[in-house]
Amino acid sequence: MYTQMSGFVNSPAALMVDRPALREAWTSASRSAISGPARLRDVCREEVARLARIVRELSCNALLRATDGSMIPLNAKGDGEIAVPLSRDPTVSAPIYDYDGSDMASIVLYEDAGRVVEPTQHILRVLITSTARAMSERWFRLVHRREWIIAAQREDATHTSIILAVDRSRTLIGADHAAREFLKSAGRCFEPGLTVSEFFGCDFTSGRGRRYCDVALRLESSDASSPWLALITPPDFAAVQSRGRERLQAHTRPRLDALDKGSIAAEQEQRCGLPTRMMRSIEEYIDTHLEKELSVEELAFHLGLSPSYFTRSFRSAVGLTPHAYVMHRRLLRAQELLASTELPLIDIALATGFADQSHFCRRFHQMTGAPPRTYRRQHR
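As the structure is a prediction and not an experimental result, all values here were calculated from the model. (Residues numbered from 1 in each chain as written. Predicted model: local features only at pLDDT ≥ 70, side-chain atom pairs only at ≥ 80, totals over all residues. Heavy atoms only, no water.)

Looking at the overall build of the protein chain
The helix and strand tally for the protein chain stands at 15 helices and 13 strands. In the protein chain, buried positions account for 46% of the 380 residues. When contacts within the protein chain are restricted to residue pairs at least 6 apart in sequence, long-range pairs at least 24 apart make up 58% of them. Only carbon and sulfur atoms are counted for the fraction: they give 52% of the accessible area of the protein chain, which is about 19,000 Å². (Helix = DSSP H or I, 4+ residues; strand = E, 2+ residues; numbered from the N terminus. Buried < 20%, exposed > 50% of the residue type's maximum accessible area, 1.4 Å probe, protein only. Contact = heavy atoms within 4.5 Å. Areas by Shrake-Rupley, 256 points an atom, 1.4 Å probe, with all protein chains shown as cover.)

Quick word on the pattern of salt bridges
Enumeration according to the criterion identifies 11 salt bridges in this entry. Ionic pairing is found between Asp257 and Arg133, a salt bridge with its closest N-O pair at 2.1 Å. Remark: Arg133 occurs in helix H4 (residues 118–143) and Asp257 occurs in the loop between helix H7 (245–251) and helix H8 (261–269); sequence separation between them is 124 residues. Across the salt bridge formed by Lys292 and Glu298, the nearest N and O atoms sit 2.9 Å from each other. Overall, Lys292 belongs to the partly exposed group, its relative accessible area being 32%. (Salt bridge = Lys/Arg side-chain N within 4 Å of Asp/Glu carboxyl O.)

So, the packing of aromatic side chains
Scanning the model with the defined rule gives 9 aromatic pairs in all. Measuring from centroid to centroid gives 5.4 Å for Phe354 and Phe360, while their planes differ by 55°, and the two rings are tilted. Since its relative accessible area comes to 3%, Phe354 is described here as buried. On the basis of an interplanar angle of 80° and a centroid distance of 5.3 Å, the ring pair of Phe364 and Tyr375 is categorised as edge-to-face. Here Phe364 is found in helix H14 (residues 357–368), whereas its partner Tyr375 is found in helix H15 (residues 372–378), with 11 residues between them in sequence. Clustering of aromatic rings is evident, with ring pairs tying together Phe182, Phe199, Phe200 and Trp228. The side chain of Arg180 reaches across the aromatic face of Phe190, ending 4.4 Å from its centre. (Phe/Tyr/Trp six-rings, centres within 6.5 Å; stacked < 30°, edge-to-face > 60°. Lys NZ or Arg CZ within 6 Å of the ring centre and 35° of its normal.)

Section: the confidence of the model for the protein chain
When the pLDDT values of the protein chain are averaged, the result is 78; 76% of them are 70 or greater. Counting contacts from residues 1–35, a segment whose pLDDT is below 50, to residues more than four positions away or on other chains yields 70 contacts. Throughout residues 206–210 the model reports pLDDT below 50, and contacts reaching past four residues in sequence, or to other chains, amount to 17 contacts. (pLDDT = per-residue confidence, 0-100.)

A few points about H14
Since the α-helix packs 3.6 residues into each turn, any two residues three or four apart lie on the same face. Taking 1.5 Å per residue as the helical rise, H14 with its 12 residues ought to reach 16 Å, and the 16 Å between its terminal C-alpha atoms agrees with that figure. The distance from a side-chain oxygen at the start of H14 to the backbone nitrogen of Ser358 is 3.2 Å, and the residue carrying that oxygen is Asp356. Just downstream of H14, Gly369 is the residue with a positive phi angle, here 85°. (Expected span 1.5 Å × (residues − 1). Polar contact = N/O pair within 3.5 Å; in protein donor to acceptor, adjacent residues only side chain to side chain.)

What to know about the environment of Ser222
Mapped onto the secondary structure, Ser222 falls in the loop between strand S12 (215–219) and strand S13 (228–233). Exposure remark for Ser222: the relative accessible area of 35% places this residue in the partly exposed category. For Ser222 and Phe199, which are 23 residues apart along the polypeptide, the C-alpha to C-alpha distance reads 5.3 Å. With near-sequence residues (within four places) excluded, Ser222 lies in contact with Ser197, Glu198, Phe199, Phe200 and Gly201.

Laid out in structure tokens, this is it:
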């Protein structure tokens, strides 16, 4: 007898893909804020592909199991069928955590009886655990892609690692499962208003160093114990706004497994785009002249650079052209004014450099998905 379960047919002997049901489940999952295993597999396709290549060579079956017990295959044999005796326990399993630290799914691996010896089981256990951690990190980074992400690891203990999402004032917006467990061990819990001082003892700003590129830092611990090796990832406006998946995949790639003293030193030696001093100067200039029509020539003249060199260097540093970045800043300023003032829309349009109210409303709707008046009602 077969029972339908999350787009798959579940029998005592085998797990088989029901492709029409899977497509329907995939569409539904894509529309929800917290999606099921199919969406997770799609988001983490790089991690899944690496895992599938290895376990396939070992004649094993890897599956993604949701908290409700439904499962989907990560490596399929033949025409999407996986022979899995569901009555026995998996050889190896590892949890995948949601962005809020709760259980989201797990990777389970079944071996063909007698085919995998004990040393190989140990290697598979390490592989599955590492893959699950990478998938948890990528999901966290995807959900918090509009925030600054701090991936940190104790300098003397590679098994102690955390991921945080913070805003520009260093207030915690999110914390992964390990970070929440770290807080619990100190008698605290994650709650609104906490800052990075719960973890790090030194004073630093999220914008320190090179913006729009990963920034490597060595941070002192808040409890005077071992320092942290940290990699700070700023929001990538181009990745957040782009409809293409490749840039977003690169922006949300896991970093924890790459954290060590050597990688931190190498990151600190790298340079990209405009120097920090010039980036700070041009950002301040743009923010104080948003009501004007800011041309590439004017921005380049401000820094004493040629328009062509400025455009190339700015795009390398920010990931956006100067025009696209200025538009982004105009819309962010408009959001602030809509949420904090009663100014008419025409005044907001002129104060943020738009030619008229119609142009402002059209571009605002394109960026936020809501008209200005609707945005104002939702954020008052």
